[in-house]
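Breakdown of the fold
The lines below spell out each chain.
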Amino acid sequence: MYNPFGDYVWEFRSPRSKFGPGALNELKVDLERLRVEKPFLITTKGWVKRGIVDRLREILGKDVPYWDGVEPEPSAESVEEAAKALAESGADSVIAIGGGSALDTAKIANLLATYGGRVRDYVAPPYGEGKPVPGPVKPMVAVPTTAGTGSEVTSVAVVTLKDVGVKVGISSDFLRPSLALLDPELTMTVPPKVTADTGMDALTHAVESYIAKPYWARERPEDPAKRPVYVGSFTVTDALAERAIELIGKYLRRAVYQGRTDLEARSGMLIASYLAGLAFGNAGVGLAHAASYPLGGRYKVTHGEAVGILLPAVLEFNAPANYEKAKRVGELLTGEKCPERDPAKCAEWAANAIRELQRDIKFTPGLEAVGVKEEDLMEMAKETLNQKRLLATNPRPVTEEDVYWVYKRSMRNY
Ligand SMILES: [Fe+2]
């Protein structure tokens, strides 16, 4: 379907990247290339306990100042604390080592240490001032130690405003790390549940960006400078998402069950989450991410759990926008052809392939299992519609009733 008012340009943005078991050992060269001399480490207490500070001293031949207060769902307060430590250190660059929380903390701390101010200055209204990020921040090396968020390649960082109990994103091209350093050896000790949850986040990124509204279906911006960061799906993001889905189908079960010894599976998953990060960091996501926000505020669910539980129903709901892509999701994930002829049946078959994978890795079976009650669904559905930035790239328009249907269908996935 051609749209005469649609955009006719897509843009692809990505940091320099490197991958390999032991790639962290090359960090000295990477910092030299970035022309920086005084890096500052932002990480978790767990990684300090596991000796990461000593390891960096060995690799770089000098002491690296650090801050290790990263919280699981980083609060604005903790991020501001990290920013203060970074600013006081006089560092010229940032190394972030940890899961998505460490990377997101480092992105915003880097912003605040470079330009001053507080988290809320950069958060969109009604919760903040909505100031744009003024310009480049210090060079940042992102070293993910879980395979899920893709934060090492994206321009967004998520932070929790504790006083109002909401999670908000700060997004700017300037926040994209300078280097994504992917070392699968650092992911070997991730426990099975975290492997499953983060793996489902990666799968949701891949599927949602794959089926996202095509870039030409989005309205053309008056000024090219105003083109959104999430432009909708295009041929590059399609290629990345397809490969990510395939890798997750092949390796997630192994990473969950034998992750401590299976370097091949860990490598496959780290590459998959990286590819999916590149795909959604350019194309955008959709309804599963939008509808996950009200869940995060009310129940004890991780981000990966929330989006993963909703993903099968979201795929079914969005399938009429592009039945061919919905079917491909199932084929890439299973390595098999759809046994049905009816496109709607193939979409359901693809959604069931996701449900089967979830059952195999003992992923949370549905909303019921995290305590969601049917009487809460309508209010959450209303709230979901506020996530306009995320819904802008969903392939179908979404009403309250649609979100309600997705929640209801996600009460029990298996
Ligand atoms: Fe996500």
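Model, not experiment: these values are computed from the prediction. (Residues numbered from 1 in each chain as written. Predicted model: local features only at pLDDT ≥ 70, side-chain atom pairs only at ≥ 80, totals over all residues. Heavy atoms only, no water.)

**Side note on the pairing of strand β5 (residues 140–144)**
For β5, the tally of buried residues reaches five of five residues, placing the bulk of the element in the interior. What you see with β5 is no split at all: M140, A142 and P144 on one side and V141 and V143 on the other are buried throughout. Summarising the sheet, strand β4 (residues 93–98) and β5 pair through five bridges and their orientation is parallel. Among the inter-strand pairings, I95 is bridged to a residue of β5, identified as V141. Following the chain from β4 across helix α5 (residues 100–115) to the adjacent parallel β5, one finds a crossover that is right-handed. Where β5 lies against strand β8 (residues 179–182), two bridges are found, and the strand directions are parallel. Looking across to β8, one finds that V141 is bridged to L179. (Buried < 20%, exposed > 50% of the residue type's maximum accessible area, 1.4 Å probe, protein only. Helix = DSSP H or I, 4+ residues; strand = E, 2+ residues; numbered from the N terminus. Pairing = 2+ DSSP bridges. Right-handed = clockwise from strand over helix to strand, strands pointing away.)

**A short note on the UniProt feature "domain: Fe-containing alcohol dehydrogenase-like C-terminal" (unreviewed entry) in the protein**
Sequence positions flagged by UniProt for "domain: Fe-containing alcohol dehydrogenase-like C-terminal" (unreviewed entry) are, in local numbering, residues 235–411. As a span, residues 235–411 carries 71% helix and 0% strand, and end to end its C-alpha atoms are 34 Å apart. (UniProt positions renumbered as here; feature names shortened; annotations may be inferred.)

**Observations concerning the coordination of the iron ion**
Only D201 (OD), H205 (NE2), H289 (NE2) and H303 (NE2) from the protein reach the iron ion as donors, at distances of 2.2 Å. One can describe the site at the iron ion as irregular: its four donor atoms subtend angles covering 85 to 169° at the metal. (Donors = N, O, S within 2.8 Å, 3.2 Å for Na, K, Ca; no water. Tetrahedral: all angles 85-135°; square planar, octahedral: opposite > 155°, others 65-115°.)

**Side note on unusual backbone geometry**
Backbone geometry follows two general trends: most residues other than glycine have a negative phi, and most peptide bonds adopt the trans configuration. The amide bond that connects P125 to the next residue, P126, takes the cis arrangement and shows omega of 5°. Residue placement: P126 occurs in the loop between α5 and β5. Positive phi, close to 60°, is recorded for R35, a residue that is not glycine. With respect to the helices and strands, R35 occurs in the loop between α1 (27–33) and β2 (39–42). In this structure R35 comes out as exposed when scored by relative accessible area, which is 72%. For K362, which is not glycine, the phi torsion reads 55° and is therefore positive. One can find K362 in the loop between α12 (343–360) and α13 (377–384). Judged by its relative accessible area of 65%, K362 is exposed.

**What about helix α10 (residues 303–318)?**
Taking 1.5 Å per residue, 16 residues should reach 22 Å; α10 reaches 21 Å between its end C-alpha atoms and fits that length. The largest bend in α10 is about 45°, located at L311, with the proline P312 one to four residues further on. The buried count for α10 comes to 15 of 16 residues, which makes it a mostly enclosed element. (Expected span 1.5 Å × (residues − 1). Bend = angle between axes of the 7 residues up to and from the residue.)

**Quick notes on the pattern of salt bridges**
For the structure on display, the rule yields 33 salt bridges. Its salt-bridge partner being K18, residue D30 comes within 2.8 Å of it at the nearest N-O pair. In this pair, D30 sits in helix α1 while K18 sits in strand β1 (residues 16–19), placing the two residues twelve residues apart along the sequence. Of the residues examined, D30 reaches a relative accessible area of 2% and is grouped as buried. For K18, a relative accessible area of 17% puts it in the buried group. A salt bridge links E316 to R355, with the shortest nitrogen-to-oxygen separation between them at 3.2 Å. In this pair, E316 is assigned in helix α10 and R355 in helix α12, connecting sequence segments 39 residues apart. For R355, a relative accessible area of 8% corresponds to the buried category. Connected through shared salt-bridge partners, D7, E11, R13, D173, R176, R218 and R227 make up one network. (Salt bridge = Lys/Arg side-chain N within 4 Å of Asp/Glu carboxyl O.)

**A look at the domain arrangement of the protein**
Here the domain parsing of the protein yields domain 1 (23–182) and domain 2 (192–409). When each unit is reduced to the centre of its C-alpha atoms, the spacing between domain 1 and domain 2 is 26 Å. With 17 residues of domain 1 at the interface, the matching set in domain 2 holds 20 residues. Between domain 1 and domain 2, a total of about 1500 Å² is buried, with carbon and sulfur atoms accounting for 63% of that surface. Counting across the interface, domain 1 meets domain 2 through zero salt bridges. Viewed at the interface, domain 2 and domain 1 are joined by two residue pairs in polar contact (both at pLDDT 80 or more). Only β6 (156–161) and β7 (166–171) provide two or more residues apiece to the side of domain 1 that touches domain 2. (Domains from an automatic or database assignment. Contact = heavy atoms within 4.5 Å. Buried area = accessible area lost by both parts, 1.4 Å probe. Polar contact = N/O pair within 3.5 Å; in protein donor to acceptor, adjacent residues only side chain to side chain.)

**Thoughts on the packing of α10 against α12**
Each pair of packed helices can be summarised by the angle the axes make with each other and by the distance between the axes. Following both chains from N to C, one finds α10 and α12 inclined at 170°, their axes separated by 8 Å at the closest point. Taken as axis vectors, α10 and α12 run roughly antiparallel relative to one another. Residues G308, I309, L311, P312, A313, L315 and E316 of α10 pack against A347, E348, A350, A351, I354, R355 and Q358 of α12. (Axes fitted to C-alpha atoms, helices over the stretch in contact; angles between N-to-C directions. Parallel < 35°, antiparallel > 145°, perpendicular 65-115°, else oblique.)

**A look at the packing of aromatic side chains**
Per the stated rule, a full pass over the model turns up three aromatic pairs. Here the aromatic rings of W10 and F234 are separated by 4.3 Å at their centres, their planes lie at 20°, and the arrangement is stacked. A residue pair is termed long-range when its members are at least 10 positions apart, and W10 in the segment before β1 and F234 in the loop between α6 (192–210) and α7 (235–258) qualify at 224 residues. For W10, a relative accessible area of 32% corresponds to the partly exposed category. Feature note: the residues W10, F12, Y215 and F234 constitute an aromatic cluster, connected by ring pairs. Lying across the ring of F317, R396 places its NZ or CZ 4.5 Å from the centre. (Phe/Tyr/Trp six-rings, centres within 6.5 Å; stacked < 30°, edge-to-face > 60°. Lys NZ or Arg CZ within 6 Å of the ring centre and 35° of its normal.)

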